[in-house]
Amino acid sequence: MTGTKIDGNIIAKSVKDRVKKAVDELKLQGVNPCLATVLVGDNPASTTYVRNKHKACEEVGILTKDHKLQSTFSQKEMNELIDSLNNDYSIHGILVQLPLPEHLDKFETISRISPIKDVDGLTPHNVGLLAMKKAALVACTPSGVIEMFDYHNINLDGKIVVLINRSNLIGKPLYHLLLARNATVITCHSKTKNLKDICQTADVVITAVGDRTKFTLIPDMIKDGAVVIDVAITQHNGKLVGDTDFDKIIEKASFASPVPGGVGPMTVAMLLKNTVTAASLIKGLAKQ
Ligand code: GUN
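Report on the accompanying structure. Every value quoted in this text rests on a predicted model; they were computed, and no experiment measured them. (Residues numbered from 1 in each chain as written. Predicted model: local features only at pLDDT ≥ 70, side-chain atom pairs only at ≥ 80, totals over all residues. Heavy atoms only, no water.)

Quick look at the environment of Thr-47
How we decide: In this description a helix means any DSSP run of H or I spanning at least four residues, a strand means any run of E spanning at least two, and both kinds are numbered starting from the N terminus. Whether two residues are in contact is decided by their heavy atoms: any pair within 4.5 Å suffices.
By the secondary structure assignment, Thr-47 is in helix H2 (residues 44–60). Note: C-alpha distance between Thr-47 and Gln-97 (50 residues apart in sequence) is 8.9 Å. Apart from residues no more than four positions distant in its own chain, Thr-47 is found in contact with Leu-39 and Asp-42.

What follows is the structure, encoded as structure tokens:
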């Protein structure tokens, strides 16, 4: 059996088309959606990600403000920058690219972002709303994964979904989104025992380990017809790879997403969607 490829480029394009229409409508109402990005240091992967985010904004008509900072940027300076972005009415979304250098406190930094401009959905406020099924701004990679299921009409009701990741950025928000779709969600991590046995029970496996020297999700680990979403993206032997070998896993899966060209483009598309949502929310607030 050969499954269906879940093509992130195609699905992201459909999201971007919708976002572009929403941007055009906001502009007609006098709102120019604008995303501010904050990048500290010169991590090459982060630099590429931020560049791609700017390019995507441009494609749909979202303005960007770029804050590229030296790796010596202090916590005090970071707090001041976030405060100024929070108070800047021309800015609707704030994204602090992660990871941050060691000397900066991730929690302090993210928590300082105004929840209404938190287009990454990572502030404690928005994380709490997500757990209560009330979030307007949800972390981009997890909501992109849900968009992939929706595009292919993959119903999660009563399905066993195994998540191999427990991070704030991926595993935890996905847990809530999947639970809200009535899935039975099992969250696995580096200390999980019998991972293979657990994966073999899964109707859906979502994997985000990102270290091929430690882990590969091989076809033996999934059941026939499982859905496999590969969220990882890492360099291995000079190539960009995920946690699976797509050509092999697709032989056994009913649906699978490749790397590159899977979840990656979805993350960017959902960031654009969140920026438009934030601009609309702010506009609503301004009216009150
Ligand atoms: N680093 C890797 N993925 C992300 C993301 O979705 N948002 C931010 N802010 N940083 C990241």
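Digging into H2
This is how the line gets drawn: Each residue after the first adds 1.5 Å to the expected span of a helix. Only protein chains enter the area calculation, which uses a 1.4 Å probe; residues under 20% of their type maximum are buried, those over 50% are exposed, and those in between are partly exposed. This arc corresponds to the set of directions leading from the helix axis out to the C-beta atoms.
The terminal C-alpha atoms of H2, which comprises 17 residues, lie 25 Å apart, in line with the 24 Å expected from a rise of 1.5 Å per residue. All of the buried residues along H2 are Ser-46, Val-50, Lys-53, His-54, Ala-56, Cys-57 and Val-60. Taken down its axis, H2 places every buried residue within 165 degrees of arc, on the same side. Exposed residues pointing more than 90 degrees away from the buried face of H2 are listed as Pro-44, Arg-51, Lys-55 and Glu-58. Once H2 ends, the next one or two residues include Gly-61, with phi positive near 90 degrees.

Remarks on the sheet that holds strand S5 (residues 160–164)
This is how the line gets drawn: At least two DSSP bridges between two strands are required for those strands to pair. In this analysis an axis means a line fitted to C-alpha atoms, helices contributing only their contacting stretch, and an angle means the value between N-to-C directions, from 0 to 180 degrees.
Taken together, the six strands give an open sheet; going across it, the order is S1-S11-S8-S7-S5-S6, and neighbouring strands pair in parallel fashion. Both edges of this open sheet fall to strand S1 (4–5) and strand S6 (184–188), since each of them pairs with a single strand only. In the sheet, strand S7 (residues 204–207) pairs with strand S8 (residues 227–230) via four bridges, with the strands oriented parallel. Each residue of the ladder has a partner; that of Val-204, found in S8, is Val-227. The sheet strands contacting helix H7 (residues 171–180) are S5, S6 and S7, and the helix crosses S5 at an angle near 170 degrees.

Points about the sheet that holds strand S3 (residues 63–69)
The strand order S3-S2-S4 describes an open sheet built from three strands, whose pairing is parallel. Two strands close off the open sheet at either side, each with one partner strand: S3 and strand S4 (93–96). Strand-to-strand twist in this sheet, taken as the mean axis angle between neighbours without regard to direction, amounts to 15 degrees. Two strands pair when backbone bridges link them, and strand S2 (residues 34–40) and S3 are joined in this way by seven bridges, in the parallel orientation. Looking at S3, one finds that Leu-35 is bridged to Thr-64.

Description of the pairing of S6
Inclusion rule: A clockwise path from the first strand over the helix to the second, with the strands pointing away from the viewer, defines a right-handed crossover.
Note: S5 against S6, five bridges, orientation parallel. The residue of S6 that forms the bridge with Ile-164 is Cys-188. This β-α-β element, S5 to H7 to S6, shows right-handed connectivity.

Quick word on the pattern of salt bridges
Convention followed: Definition used for salt bridges: Asp or Glu carboxyl oxygen within 4 Å of a side-chain nitrogen of Lys or Arg.
The final tally for this structure, using the stated rule, is 13 salt bridges. Between Lys-20 and Asp-24 there is a salt bridge, with the nearest N and O atoms lying 3.6 Å from each other. A residue pair is termed a helical-turn pair when its members lie 3 or 4 positions apart in one helix, as Lys-20 and Asp-24 do in helix H1 (residues 8–28) at four residues. Owing to a relative accessible area of 35%, Lys-20 belongs among the partly exposed residues under this scheme. Lys-223 is the salt-bridge partner of Asp-203, the closest N and O atoms lying 3.0 Å from each other. A residue pair is termed long-range when its members are at least 10 positions apart, and Asp-203 in the loop between helix H8 (195–200) and S7 and Lys-223 in the loop between S7 and S8 qualify at 20 residues. When its relative accessible area of 21% is taken as the criterion, Asp-203 is described as partly exposed. Its relative accessible area of 32% is what places Lys-223 among the partly exposed residues. Salt bridges here are not isolated pairs; linked through shared partners, they connect Arg-212, Asp-245 and Lys-248.

Looking at the nonpolar core
Test applied: The term nonpolar core refers to a set of buried residues drawn from Ala, Val, Leu, Ile, Met, Phe, Trp, Tyr and Cys, joined through side-chain atoms within 4.5 Å.
Ranked by size, the top nonpolar core spans 50 residues in total, and within it Ile-62, Phe-149, Leu-178, Ile-206 and Ile-229 carry the most contacts. Secondary structure elements with two or more residues in this core: H1, H2, helix H6 (140–151), S5, H7, S7, S8 and helix H10 (263–287).

Details of the packing of H6 against H7
How we decide: Two helices crossing with the near one rotated counterclockwise from the far one by less than a right angle form a left-handed crossing, whereas a clockwise rotation gives a right-handed crossing. Residues are grouped as follows: Ala, Val, Leu, Ile, Met, Phe, Trp, Tyr, Cys and Pro are nonpolar; Asp, Glu, Lys and Arg are charged; all remaining types, including Gly, are polar.
Two elements in contact, H6 and H7, have axes separated by 9 Å at closest approach and are oriented at 35 degrees. Crossing geometry of H6 relative to H7 is assigned as right-handed. Across the interface between the two elements, Pro-142, Ser-143, Val-145, Ile-146 and Phe-149 of H6 pack against Pro-173, Leu-174, Leu-177 and Leu-178 of H7. Along the lines of polarity and charge, the residues of the contact of H6 with H7 split into eight nonpolar, one polar and no charged.

Overview of the site of the ligand
The line we're drawing: Note on definitions. A residue lies near a molecule or strand when any single heavy atom of the residue is within 4 Å of it. What qualifies as a polar contact is a pair of N or O atoms within 3.5 Å, subject to a donor-acceptor requirement within protein and to the restriction that residues adjacent in sequence count only when both atoms come from side chains. Under the convention used here, a 1.4 Å probe and the Shrake-Rupley method define accessible areas, while residue burial counts only the protein chains that appear.
Around the ligand sit Leu-95, Val-96, Gln-97, Leu-98, Asp-120 and Leu-169, and that is every residue in its neighbourhood. In the model, a nitrogen atom of the ligand is placed 2.5 Å from a nitrogen or oxygen of the Asp-120 side chain. Protein burial of the ligand: of its 280 Å² of free accessible surface, 84% is covered by the chains. In terms of residue class, the shell around the ligand is built from four nonpolar, one polar and one charged.

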